[in-house]
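Take a look at the letters that make up each chain.
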Amino acid sequence: MMITVSCYALILFLLIYIKLKYFKSKFEKMLLKLPGPGYNVFIGNLMRFAVKREELYSVISDLCNEFSNEPVVRVWLGKTPRIFLTKVEAAKVILSDISHDVKGVHYKLLYPWMGDGLLFSTGAKWRERRRMITPTFHFRILEEFRGIMNKQAAILADILTENTNNYFNIHPYITRASLDIICETAMGIQIGSQLEKTSNFLQAVSGMTQCLIQRIFNIWSQIAILFPFSQIARRQHQILEVLHTFTRKIIQERKAELEAKTQIGAKMTMENEFGQKRRLAFLDMLLEAQYEHGSIDDKGIQEEVDTFMFEGHDTTTSGITWTLYNIARFPEFQAKIHEELDQVLGTEEVTEISSQHLSNLKYLECVIKESLRCFPAVPIFSRKLLRDTDICGYTIPSGATVSFLVERIHKDSNHWPEPEKFDPDRFLPENASNRHPYAFIPFSAGHRNCIGQRFAMMELKIIAAYILHRYSLKTETKFETLQPISEFVLRPSNGISIKIQPRRTT
Ligand code: HEM
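For the structure given in this document, a descriptive report is provided here. All figures in this text were calculated on a predicted structure; none of them were measured in a lab. (Residues numbered from 1 in each chain as written. Predicted model: local features only at pLDDT ≥ 70, side-chain atom pairs only at ≥ 80, totals over all residues. Heavy atoms only, no water.)

Some words on the coordination of the iron atom of the ligand
This is how the line gets drawn: Each metal site is built from N, O and S donor atoms within 2.8 Å (3.2 Å for Na, K and Ca), and since water is not included, such sites may look incomplete. Secondary structure elements are defined from DSSP: runs of H or I of at least 4 residues count as helices, runs of E of at least 2 residues count as strands, and each element is numbered from the N terminus.
Exactly one donor from the protein chain reaches the iron atom of the ligand: Cys450 (SG), at 2.3 Å. You can see Cys450 is positioned in the loop between helix H19 (429–432) and helix H20 (453–470).

Written out as structure tokens, the structure reads:
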């Protein structure tokens, strides 16, 4: 009996093997023509990704390095193909074409968290929401946000004093400052996480992104019917509860504040001192759209708030942390920044960084951009192709997901001489003016670029300026041992160890 069952099992296994190996669909045949490593017919290349989470990003980079002359590299995550784009010209083909606006298949994993918010939606829904939200990043509103960013950056610079002359991990401090900034600017709510020093929300964000990456690269999680019974599913369920409770509370509090000010249903749009219609910040505008036009329901508001809470703090945290790391790593660039800051802001304690100051901090901006080139805060983003598409001589079939490997694109040697060298001068106007428009894409490019780009650059500059004006930085974190983790944003796996020393005696 046992022998018969074993024979049937073996025959079944052989039949499946023959089917997978020799009877390929048109889709698979097209993918096989792309450059990529050999793979197992059952699990694809998943064994290459069966490494610790802090090694995953370098496994992907190493894999693309094996095909360093190729603009595209194909891998199989189980039965799901993923095509990495690694050259500037390949990025241009997709980003310059408005019809490629469907996000990659793995974004679906973010659905239970952010729903169909601005990051994922497509077609008419995306256009309507983008039109609705874009004015909330108008320069007049950013000008109001500048005050809040100044205030939170000053709190951060004060708090950091407790670590003077000791090495400490700066990443959690930056995370809390960024969270306070997005809550007070876009949501109109003060949560004071910098002063309290704890936040369930921040722990939940980190836990959630870990769960999602495990799902992409774990073989068992690929089997949809098994997933709900897995440990990751249970953990994800608990974390989602924390995330949604936090954002629901923000919406309710802001609603209550506005209702108290304006009486329910009354026109919320206020006028400024010149009698002009005042522009509303993000959450106020969504609530106004609901009260006055009914153009967004509660679910819509919740999904946009969840999207902006994540996109608006984790990304900037990453950008600031890597910038400070690079400044600490290179004393010669730090000295130039100190000189510029003293020239622009003077040598007394900073009370406010104005928009004029910001535009004069040109060298600091070059360092921030070079940092985003080498350590892109969003290291990978993807699109699903809805038609066969030619990319630099390779035909990628409809239905495949292409992923922009941003650091590889930022180090394409046809556009970046000595790409591995950290050199802020690349961004001086005389060196940047003729650069290919798709060579530097930390905020993506084209019509689905980052809506918060100017907000982010302002925040990065203000926080870096407050810290650098007051302190000198050193780091003991070695570049060779960094192991950045790519969990939707690029994080340092063991934090960044920084020592700060006051530049002036008070
Ligand atoms: C250093 C900081 C930031 C970086 C590097 C960054 C990067 C990006 C990238 C690469 C995309 C495209 C993603 C894709 O196509 O899948 C994106 C989209 C987006 N970002 Fe950012 N981002 C940053 C900060 C922000 C901030 C501060 C906000 C909000 C306040 C924000 C909100 C968004 C939203 C809503 C989208 C989706 C836009 C759309 O599809 O219409 N981001 N960002």
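That covers the picture; the talk isn't over yet.
Considerations on the site of the ligand
Basically, it comes down to this: Only heavy atoms are used to decide nearness, and a residue is near a molecule or strand if one of them lies within 4 Å of it. What qualifies as a polar contact is a pair of N or O atoms within 3.5 Å, subject to a donor-acceptor requirement within protein and to the restriction that residues adjacent in sequence count only when both atoms come from side chains. Classification used: nonpolar for Ala, Val, Leu, Ile, Met, Phe, Trp, Tyr, Cys and Pro, charged for Asp, Glu, Lys and Arg, polar for all others including Gly.
Taken together, 27 residues surround the ligand, and among them Tyr107, Trp126, Arg130, Arg448 and Cys450 come closest. The contact in question runs from a nitrogen atom of the ligand to an N or O atom on the side chain of Glu311, over 3.0 Å. Elements represented by at least two residues in the shell around the ligand include exactly helix H6 (123–133), helix H13 (298–311), helix H14 (314–329), strand E4 (380–384) and H20. A breakdown of the residues in the shell around the ligand according to their chemical character gives 16 nonpolar, six polar and five charged.

Some thoughts on unusual backbone geometry
Its identity is not glycine, yet Cys392 carries a phi of approximately 50°, on the positive side. Tracing the sequence through the fold places Cys392 in the loop between strand E5 (389–391) and strand E6 (394–396). Here the phi dihedral of Phe488 falls at roughly 70°; this positive angle occurs in a residue that is not glycine. As for its position among the elements, Phe488 is in the loop between strand E9 (484–487) and strand E10 (489–492).

Considerations on the sheet that holds strand E3 (residues 167–169)
Think of a sheet as strands paired side by side through backbone hydrogen bonds, with each pair either parallel or antiparallel. Our working definition: Strands were regarded as paired on the criterion that DSSP finds at least two bridges between them. Convention adopted: a line fitted to C-alpha atoms gives each axis, helices being fitted over their contacting stretch, and angles between N-to-C directions are expressed from 0 to 180 degrees. Whether two residues are in contact is decided by their heavy atoms: any pair within 4.5 Å suffices.
In space, the three strands of this open sheet follow the order E3-E11-E8, with antiparallel pairing throughout. Unpaired on one side and paired on the other, E3 and strand E8 (471–475) mark the two borders of the sheet. Direction aside, neighbouring strands of the sheet carry axes that sit 40° apart on average. For E3 and strand E11 (residues 497–502), the ladder comprises three bridges, and the chain directions are antiparallel. Note that in E11 the partner of Phe168 across the bridge is Ile498. Packed on one face of the sheet, H20 meets E8 and E11 and runs near 95° to E8.

What to know about the packing of aromatic side chains
The condition that has to hold: Between 30 and 60 degrees the pair is tilted, below 30 it is stacked and above 60 it is edge-to-face, where a pair is any two Phe, Tyr or Trp rings, Trp via its six-membered ring, whose centres lie within 6.5 Å. Exposure is judged per residue with a 1.4 Å probe applied to protein chains only, and the accessible area is read against the type maximum: over 50% gives exposed, under 20% gives buried, and values in between give partly exposed. Geometrically, a lysine NZ or arginine CZ counts as sitting over a ring once it is within 6 Å of the ring centre and also within 35 degrees of the ring normal.
This structure, assessed with the given rule, holds 20 aromatic pairs. Each ring, one from Phe145 and one from Phe455, has its centre 5.8 Å from the other, and the planes form 80°; the classification is edge-to-face. With Phe145 in helix H7 (residues 139–160) and Phe455 in helix H20, this pair connects stretches of sequence that are 310 residues apart. The same class applies to Phe145 as to Phe455, namely buried. A centroid spacing of 5.0 Å and a plane angle of 10° characterise the contact between Phe330 and Phe422, whose relative ring orientation is stacked. A residue pair is termed long-range when its members are at least 10 positions apart, and Phe330 in the loop between H14 and helix H15 (331–345) and Phe422 in the loop between helix H18 (406–410) and H19 qualify at 92 residues. A relative accessible area of 7% means that Phe422 is categorised as buried. Aromatic ring contacts, followed pair by pair, group Phe137, Phe145, Phe282, Phe308 and Phe455 into a single cluster. When the ring centre of Trp416 is taken as origin, the NZ or CZ atom of Arg373, which lies over that ring, is 5.2 Å away. One residue, Arg435, lies across the ring of Phe427, its end atom 5.2 Å from the ring centre.

As for helix H12 (residues 282–293)
Condition: The length a helix should cover is 1.5 Å for every residue beyond the first.
A rise of 1.5 Å per residue sets the reference length of H12, with its twelve residues, at 16 Å; its end C-alpha atoms lie 16 Å apart and thus fit the reference within 8%. Counting buried residues along H12, nine of its twelve residues qualify, which places the element largely inside the surrounding structure. Buried residues of H12: Phe282, Leu283, Asp284, Met285, Leu286, Leu287, Glu288, Ala289 and Gln290, and no others. Directly beyond the C-terminal end of H12, a positive phi value near 60° is found at Gly294.

Focus on the side chain of Asp180
The line we're drawing: This count recognises Lys and Arg as positive and Asp and Glu as negative, with His and chain-terminal groups excluded. Here, a salt bridge means any side-chain nitrogen of Lys or Arg that lies within 4 Å of a carboxyl oxygen of Asp or Glu.
Within the fold, Asp180 resides in helix H8 (residues 171–185). Of the buried charged residues, Asp180 lacks a salt bridge, with Arg176 as the closest side chain of opposite charge at 7.4 Å.

Focus: H14
Between its first and last C-alpha atoms H14 spans 22 Å; for 16 residues at 1.5 Å apiece the expected length is 22 Å, and the two agree. Within H14, 15 of the 16 residues are buried, which leaves the element mostly enclosed by the surrounding structure.

Focus: the sheet that holds strand E2 (residues 80–85)
Pairing is mixed in the open sheet, where four strands are placed in the order E1-E2-E7-E4. Each edge of the open sheet carries a strand with a single partner, namely strand E1 (72–77) and E4. The sheet shows a mean angle of 30° between the axes of neighbouring strands, taken without regard to direction. As judged from the three bridges shared by E2 and strand E7 (residues 401–405), these two strands associate in the parallel manner. Pairing of Ile83 across the sheet is with Val402, part of E7. Across the sheet, helix H3 (residues 56–66) touches E1, E2, E4 and E7, and the angle it forms with E1 is around 130°.

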